[in-house]
Amino acid sequence: MKEEDVNRCQIQEWYPKFKSVSIRTFIHELPESFVQYLLDDSGPFLLPASISNEDAFPNRIHNPEEEEDYQASEGSGDEAEALSAPCFPELELKIKESIETLGGAIFPKLNWSAPKDSAWISTSGTLRCTTFSEIALLLRSSDSLIHDLCHAYDSCSDKTMSRPPKFFLILRKWYPRFQPEMEFRCFVKGQKLVGISQREVTTFYPVLCEKKNKVEVLIEEFFNDNVRVKFESDDYTFDVYVTEDERVKVLDFNPWGAFTLPLLFTWEELEQKAREGDDLELRIVESRCGVRPGLKTAVPYDYLDVSAGSGWDQFLRNASEELQQQTKSPEAGA
Ligand SMILES: Nc1ncnc2c1ncn2[C@@H]1O[C@H](COP(=O)(O)OP(=O)(O)OP(=O)(O)O)[C@@H](O)[C@H]1O
């Protein structure tokens, strides 16, 4: 894979060409100070100070233990300064306007990825955002975005960069009735569509068994009419959504191989299909027995890391020590 293939999959690169067959999206260049804010994991977690009083979030996550430290150091020079919330008024204003134009709620992404692993932290448990603070919280809490920020070019044979020169915040109109069964990943090798996979592989959707042939025809037509000659790489994947009235919308482009999940295929199978000139195949989960486990971590690494010395391990040790102390104390037996 070449750097140019990875670059073409950035939304700000492909969206202008595919606007009429995609979902409504606004793109904002991020100031470097905001990128540094996303990367900075030293010190406490501060949300940006908001220009809006309506914002639902306070400027920092409330943690009573940290709050004591904060009060103790308040006014004591450097430390107090280090704890003051960053502020991005121009960016916030532009985002506020875009959210209003997009109907009041958006789905956020960076150049390539969405902060999928942060959904658990939001009040709705989804990536739906209505304010700049909500967006900042999801972006700052995400481990998936570290890929975009630091590792996007790691699989390139001609790697010269560790990150793109500019980052963009992508705001997409929020679709509350997104039906996961109607999302598909399409695999293109040598400019030929070789495979299509159900995108959400953890569930069996009986309705897909009936719709399978129709969906395959719709996507193949869409690829031939709208994607093949317009997307300049030879090998890539793209994700589509098929609407109830049988229109196809392109959601995303990803490089062939590397970090991109092959879902119900393996990369070897797809390579072989391309080599042998096999007919296009659309794969779906055919029965309840065929479901695949979640292929992604949907929570940050700290949540999953249970090894000795991890945050979780420490939490368990503290909890068990506390429990032991409680059982030793006279009140416990009363
Ligand atoms: N505008 C939207 N409104 C509501 N839900 C959405 C919207 N866009 C995407 N989603 C949901 O969020 C999921 C992840 O979105 P998306 O594919 O853009 O993220 P991603 O980080 O590029 O994922 P990947 O790296 O696996 O391609 C989608 O599969 C879809 O279910």
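This one's a predicted model, so the numbers in the text were calculated from it and none came from an experiment. (Residues numbered from 1 in each chain as written. Predicted model: local features only at pLDDT ≥ 70, side-chain atom pairs only at ≥ 80, totals over all residues. Heavy atoms only, no water.)

Before going further, it helps to spend a moment on the site of the ligand. Residues in close proximity to the ligand total 18 residues, the closest being Lys 109, Ala 114, Lys 116, Arg 199 and Asp 252. Taking Lys 109, its side chain carries an N or O atom lying 2.7 Å from an oxygen atom of the ligand. Contact between the ligand and Ala 114: an oxygen atom at 2.7 Å from a main-chain N or O atom of the residue. Contact with the protein chains hides 86% of the accessible area of the ligand, taken as 630 Å² for the molecule alone. Looking at the shell around the ligand, the elements with two or more residues in it are strand 2 (106-109), strand 4 (183-189) and strand 7 (248-255). Tallied by class, residues from the shell around the ligand come to seven nonpolar, two polar and nine charged. Shared between two domains, the shell around the ligand holds at least three residues of each, these being domain 1 (3-173) and domain 2 (180-290). (Near = heavy atom within 4 Å. Polar contact = N/O pair within 3.5 Å; in protein donor to acceptor, adjacent residues only side chain to side chain. Areas by Shrake-Rupley, 256 points an atom, 1.4 Å probe, with all protein chains shown as cover. Helix = DSSP H or I, 4+ residues; strand = E, 2+ residues; numbered from the N terminus. Nonpolar A, V, L, I, M, F, W, Y, C, P; charged D, E, K, R; others polar. Domains from an automatic or database assignment.)

Scanning the entire structure with this criterion turns up 21 aromatic pairs. With a centroid separation of 5.9 Å and an interplanar angle of 40°, the aromatic rings of Phe 34 and Phe 132 are classed as tilted. Of this pair, Phe 34 sits in helix 3 (residues 32-39) while Phe 132 sits in helix 7 (residues 132-141), and the two are 98 residues apart along the sequence. Here Phe 34 and Phe 132 have matching classes, each one buried. Between the aromatic rings of Phe 178 and Tyr 241, the centroid separation amounts to 4.6 Å while the plane-to-plane angle is 40°, which identifies the pairing as tilted. Remark: Tyr 241 occurs in strand 6 (residues 236-242) and Phe 178 occurs in the loop between strand 3 (168-173) and strand 4; sequence separation between them is 63 residues. Here Arg 140 stacks its cationic end above the ring of Tyr 37, 5.1 Å away from the centre of that ring. (Phe/Tyr/Trp six-rings, centres within 6.5 Å; stacked < 30°, edge-to-face > 60°. Buried < 20%, exposed > 50% of the residue type's maximum accessible area, 1.4 Å probe, protein only. Lys NZ or Arg CZ within 6 Å of the ring centre and 35° of its normal.)

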